[in-house]
Amino acid sequence: MSTQPVELQSPAARGFLRSLNILLKSARMYGMAHSQTVAQASDAWVHLQAVFAEAKRKGLQLAVSDHRLLVDGLAIKAGPAELSFAQFLDSADLASVSFTAQVTNEAFLEMIRVIAESGSKPEGLADKLKQVLGPEAQCGIAIDEIRFVPAGSEHPEKTVAAQLLANTFGRESSDMAGVLDDPYKLLELISLARGTNTPAGQVTAGTENTESTSTSPGHFAAGIENPAEPGTGHAAGTMAHADASTSHPGESPSEPSEEDTCAVIHLLSQLAHEERSGAAINSAKLQEQVSRLPTASQKSFHQAVNEFVQGGKKRPDTPFLLQVAEHLAVQLALDRYAKGDSRVDAVTDMLNRLNREVETLRQALDTTETKIKQTGFEIARPPDSLEQQFWTTAPDSAKLEVLLSDQAWRVPTNYIKQYLDQLAEQANAEKLQQVLENYVNCIHSSSSEARQKTSHGLKELAGFFPFPGCNALRYAIEHVGDALAQESDARLQKLLTGTFVLLGQEAATRRRYPAILSLISKFDSLETSHPELGRDLRARVGLENRVPNFLDEAIHLPEPSPELIGVLQRMPLEAAEHLATAITRRVRRRDRDRLLRLAEGLGPEAAHALVEAFCKRPPAAAALFVGLLSRLDPVALEKSLLARLNEWNRVYQDMVVRNLAAAGAPGRAMLLAKLLQALDPLVVPLAIDEMGMSGDAATAPLLVAIANGSFPTLSAPYVQLKAIESLGRLRVKEAVPLLQQLVNSKEYRNTLSPKELRVVAAQSLQKIDPQTAKAVLSTVKFTQADLEPIPFDPDNEAPGVRQRYYPRVKLRRALPAKITTADGTYSVAIRQLSLGGGLCSCEHHLLHGTPATIRIKTGLRSLNAKLFLRDSRSEMVAFEIVDIELEERSRLRALLQANRR
């Protein structure tokens, strides 16, 4: 029974329908392997799982009935997504598709693949799906087909339907099966009226003892009482003698005019009125009415009905008279256009006039339809326009001719979509581009109606412009931008603005870089001629927000395209900012180097923009720019950094040092040396470590002075120790006398020389002058084991952007410890440890970059150090020691030596 559509209440189901519709289109257009299809498939799967999770539903059924979509048996109001899926089910002869909670992602993707490969007119889709998916119990998807019941079926449903109709119409039910709804009998009538001599035995199968053809009511009544089924002698005889080319003597060979077609439709309306009034059908009168039609009208009427007889085109859900009228109108339009004597607008106007005639016929048939609906049966309402039938029936050559003409804007976009879908399925990018570019040209029409319709149409066709191998998107952006700049009508300018924004977003989303370059050029030109409009368009498209996506693609491509580099060059500040941030997050040297090459390719504009941003941004943002600026413009960075560094706390100073190290600029050691006096005491050891790891010996005099204690502000024992280690890494020969003195003397500068300082001096001496070190070590009580672990040297082949300073030891058992930050004290378990830091596990989240202190329980005494918390790795937190007393460091060394044995 008929039910009124309702709103779909389930948000999850609504989301799934929209996502499924987009997924099917994407799969057909780009294939299953395309990144957009993969992303859309994931989104659809998430929505489907949300449907099952909603109120613990066990399944979801999508069905079609009378061109309406039913969700779990309930007819819903159709939006674009729902209507599109209902049309698909209907065209594929699928009654329903049901998903159970047991559906697998693999089965869901297989279903999408089979549907996408079947094209826009699937045949046997249900069988293909069942064959690929297998039993419902295994895949969780049930496919039900629409089963058509033949007219002669003896199913019980047929009997019930016939009884309902008979009870409703009484004697009119016989009229419904009479001549006006039977193409065979109507063809006989037209043939008799035109004077065709049909042999008696071939007029009506089942009519016995008929000697000759007669036009009398009695003879025709006999034919009605014994209607022949299609495929019997009745049909064969009629078709044999009712050829479209048959004509009686004197008939003009001229083609039917619009008036001739209107005359036939008018006659059909009269017949429908007579049937509606309940009058008995008088065959003699009907033959007389047909014979009064113009010769061309009779001929076209005869041809139309004959095509239904021969081709079996009759649709059971639409009155036959209405089908004939629509066929006549559409065929006339096709003939006119095929001969080239009508433009698109003329054909459209003619169809509109004919449609008014057909509407009269529809109204005459409405009472009959209403009575049928009252019995509970649904009859699909025919469309109000003949354009759809005209476009569906027209050959591809005619469609292409229309779409390549200056009248393309007159074609409704849903018909253009159908044709473009066909071209997309055929992967015919060249022809698809021709159609789209010609449609875009209509935006320059002198007619405001044309510009308005074209702008609306471009919005609906926007999804076709980024088709692979098609360059129409750039063409569209350029021409719509030009039209926008020239449009004087405020209403049309607003409409064009929305179209331009949508095309721009398509270009950005699909990463069509040639089109994006044109988009940026249009922004610039519009900001010159229409400043407020240009700025508004730039903000609405939001191209700057897409830069991370562009950079991500550039990083993963073996060689970024010139267009991609061009896009980044046109947005120097945004590109440089995102590159600077991306470099700080890279831990692999090859990734960093690729980003640096990309940044260097942006040109001086990017460096200049980044310097200005560094000077104006707050410390948290500015510190991220330091690494990239050290490669693009180190002179400007040094000047700006020295001016700002005193204002920043140790957290941001720590970021600066690490970002300089990660960027790997050749002159970073000298820059760090100039920054030492301005750095926080807890950051200085890190800077000195990086000076040693840089491999640049230009800082050797400064390091020797620090190791010798010549700088009062840099004379802390731990800072001296770091300077001694850096001298060893740099192999500074000038430091040998100092190191030899430190190793030999237990007393240094009138104080007791800590053992840890002597050990580090011995390690560096071994690296710089092994022979001298061997001689010195023979006179002291240090064994080689006492010198373990030895600091790492710089390695130019290391895969990471920053090297570890010391080897890390995996502890035999976790060491309990307490980490104290400004927020509180937390218990941790240390799993790995080195002289420079380690890894620990903690139940609480410890913020990256936070200064802290640590107390490690190593027996009766605890080991203390100051540190910075680093990045978290899964459940592990890294920490880096930035200050520790030398005695404590000796205990830490002993702990590590014990775990290495």
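Remember, predicted model here, so these are calculated numbers, not experimental data.

The rules behind these values
Residues numbered from 1 in each chain as written. Predicted model: local features only at pLDDT ≥ 70, side-chain atom pairs only at ≥ 80, totals over all residues. Heavy atoms only, no water. Helix = DSSP H or I, 4+ residues; strand = E, 2+ residues; numbered from the N terminus. Buried < 20%, exposed > 50% of the residue type's maximum accessible area, 1.4 Å probe, protein only. Contact = heavy atoms within 4.5 Å. Areas by Shrake-Rupley, 256 points an atom, 1.4 Å probe, with all protein chains shown as cover. Polar contact = N/O pair within 3.5 Å; in protein donor to acceptor, adjacent residues only side chain to side chain. Expected span 1.5 Å × (residues − 1). Phe/Tyr/Trp six-rings, centres within 6.5 Å; stacked < 30°, edge-to-face > 60°. Lys NZ or Arg CZ within 6 Å of the ring centre and 35° of its normal. Axes fitted to C-alpha atoms, helices over the stretch in contact; angles between N-to-C directions. Parallel < 35°, antiparallel > 145°, perpendicular 65-115°, else oblique. Left-handed = near helix turned anticlockwise from the far one by under 90°. Nonpolar A, V, L, I, M, F, W, Y, C, P; charged D, E, K, R; others polar. Salt bridge = Lys/Arg side-chain N within 4 Å of Asp/Glu carboxyl O. Core = buried A, V, L, I, M, F, W, Y, C linked by side-chain atoms within 4.5 Å. Pairing = 2+ DSSP bridges. pLDDT = per-residue confidence, 0-100.

## What about the overall build of the protein?
Helix and strand counts for the protein stand at 41 helices and 13 strands. Counting all 901 residues of the protein, 50% fall into the buried class. When contacts within the protein are restricted to residue pairs at least 6 apart in sequence, long-range pairs at least 24 apart make up 68% of them. Looking at the protein as shown, the accessible area adds up to about 41700 Å², and 51% of this sits on carbon and sulfur atoms.

## A closer look at the side chain of E880
Mapped onto the elements, E880 comes out in strand β13 (residues 876-883). Using a relative accessible area of 12% as the deciding quantity, one classes E880 as buried. In this structure the side chain of E880 is engaged in a polar contact, spanning 3.0 Å, whose partner is the side chain of R870. Excluding residues within four positions of it along the chain, E880 makes contact with L686, R802, Y805, G836, G837, K866, L867, F868 and R870.

## Considering unusual backbone geometry
With an omega dihedral of -10 degrees, the bond running from E788 to P789 counts as a cis peptide bond. If you check the backbone angles, A427 has positive phi at about 55 degrees while not being a glycine. You can see A427 is positioned in the loop between α19 (413-425) and α20 (429-441). Overall, the relative accessible area of 57% leaves A427 in the exposed class.

## A short note on helix α37 (residues 717-730)
Within an α-helix, residues lying three or four positions from one another point in the same direction, as the helix has 3.6 residues per turn. Across its 14 residues, α37 extends 20 Å between first and last C-alpha, which sits within 8% of the 20 Å expected from 1.5 Å per residue. Judged by how many residues are buried, α37 sits mostly within the fold: 13 of 14 residues are covered.

## What to know about the packing of aromatic side chains
Aromatic ring pairs are described here by two measures, namely the spacing of the ring centres and the angle between the planes. For the structure shown, the criterion picks out eight aromatic pairs. Between F614 and W648, the ring centres sit 6.0 Å apart and the planes meet at 70 degrees, which makes this aromatic pair edge-to-face. With F614 in helix α30 (residues 604-616) and W648 in the loop between α32 (634-644) and α33 (650-663), the pair connects residues that are 34 residues apart, well separated along the chain. Neither residue differs from the other here; F614 and W648 are each classed as buried. Chaining the aromatic ring pairs together yields one cluster made of F16, W45, F99 and F108. Stacked on the ring of F614, the Lys or Arg R644 has its end atom at 5.8 Å from the ring centre. Lying over the aromatic face of Y806, R729 brings its terminal NZ or CZ to 5.9 Å of the ring centre.

## Focus: the packing of helix α38 (residues 736-744) against helix α39 (residues 755-768)
Two elements in contact, α38 and α39, have axes separated by 8 Å at closest approach and are oriented at 140 degrees. For the element pair α38 / α39, the angle class is oblique. When the axes of α38 and α39 are compared, the crossing they make is left-handed. Touching V736, L739, Q740, L742 and V743 of α38 are L757, R758, A761, A762, S764, L765 and I768, all from α39. When its residues are assigned to classes, the contact of α38 with α39 shows nine nonpolar, two polar and one charged.

## Some details on the pattern of salt bridges
Under the criterion given, the structure shown has 30 salt bridges. The shortest N-O distance in the salt bridge between D524 and R538 comes to 2.8 Å. Of this pair, D524 sits in helix α24 (residues 513-529) while R538 is found in helix α25 (residues 531-541), placing the two residues 14 residues apart along the sequence. Classification of D524 by relative accessible area gives partly exposed; the value is 31%. R538 sits in the buried class, given a relative accessible area of 18%. Between E888 and R891 there is a salt bridge; the shortest N-O distance is 3.1 Å. Of this pair, E888 and R891 both sit in helix α41 (residues 886-900), three residues apart, which is roughly one turn of the helix. Using a relative accessible area of 7% as the deciding quantity, one classes E888 as buried. Connected through shared salt-bridge partners, D654, R658, E690, R802, R870 and E880 make up one network.

## Describing helix α23 (residues 490-510)
Relative to the 30 Å expected for 21 residues at 1.5 Å per residue, α23 spans 30 Å between its end C-alpha atoms, a close match to the ideal helical length. The opening residue of α23, the one whose side-chain oxygen lies 2.9 Å from the backbone nitrogen of R491, is D489. Looking one or two places after α23, you find R511, whose phi comes out positive at around 55 degrees.

## Here we look at the nonpolar core
Core analysis: the largest hydrophobic core is formed by 173 residues, its most contacted members being F465, L543, L676 and I830. Element by element, the count of residues in this core is highest for α24, at eight residues. L69, V71, V103 and V114 belong to the second largest nonpolar core, which has 44 residues in total.

## Here we look at the packing of α19 against α20
With their axes 9 Å apart at the nearest point, α19 and α20 run at an angle of 155 degrees to one another. Regarding the angle of α19 to α20, the classification is roughly antiparallel. Contact with α19, carried on its side by T413, I416, Y419, L420, L423 and A424, involves K431, L432, V435, L436 and Y439 of α20 and no other residues of that element. Here the residues of the contact of α19 with α20 sort into nine nonpolar, one polar and one charged.

## Some words on the side chain of N438
Mapped onto the elements of the fold, N438 is located in helix α20. A relative accessible area of 15% places N438 in the buried class. Filtering out sequence-adjacent residues up to four positions away, N438 remains in contact with L403, L404, S405 and A408.

## Observations concerning the pairing of strand β4 (residues 94-100)
In summary, the side chains of a regular strand alternate between the two faces of the sheet. Most of β4 sits inside the fold, with six of its seven residues counted as buried. Of the pairings in the sheet, the one linking strand β1 (residues 59-65) to β4 comprises five bridges and is antiparallel in character. Counted as the bridge partner of L62 is V97 from β4.

## Some remarks on the pairing of strand β8 (residues 809-821)
As defined by bridge partners, β8 adjoins strand β9 (residues 824-834) across nine bridges and the pair is classed as antiparallel. Along β9, the bridge assignment pairs T821 with G824. As paired elements, β8 and strand β11 (residues 851-857) share four bridges and run antiparallel to each other. Considered in β11, the bridge of A817 is made with I856.

## So, the environment of I141
Relative to the helices and strands, I141 resides in strand β5 (residues 141-145). Its relative accessible area of 3% is what places I141 among the buried residues. Sequence-wise, I141 and Q102 are 39 residues apart; in three dimensions their C-alpha atoms are separated by 8.4 Å. Discounting chain neighbours no more than four positions away, the residues touching I141 are V97, S98, F99, V103, A107, F108, M111, L133 and E136.

## Quick notes on the environment of P737
Take P737: it is sitting in helix α38. Along the chain, P737 and T772 lie 35 residues apart, while their C-alpha atoms are 9.9 Å from each other.

## Thoughts on the environment of G709
Within the secondary structure layout, G709 lies in the loop between α36 (700-707) and α37. For G709, a relative accessible area of 13% gives the class buried. Separated by ten residues in the primary sequence, G709 and V719 have C-alpha atoms spaced 9.5 Å apart.

## Describing the confidence of the model for the protein
Detailed reading of the predicted coordinates is not advisable wherever pLDDT is low. For the protein, the mean per-residue pLDDT works out to 79, and 77% of the residues sit at or above 70. Contacts for the low-pLDDT stretch residues 147-177, under 50 throughout, to residues beyond four places or in other chains number 25 contacts. Confidence over residues 196-253 falls short of pLDDT 50; this stretch has 87 contacts with residues more than four positions distant or in other chains.

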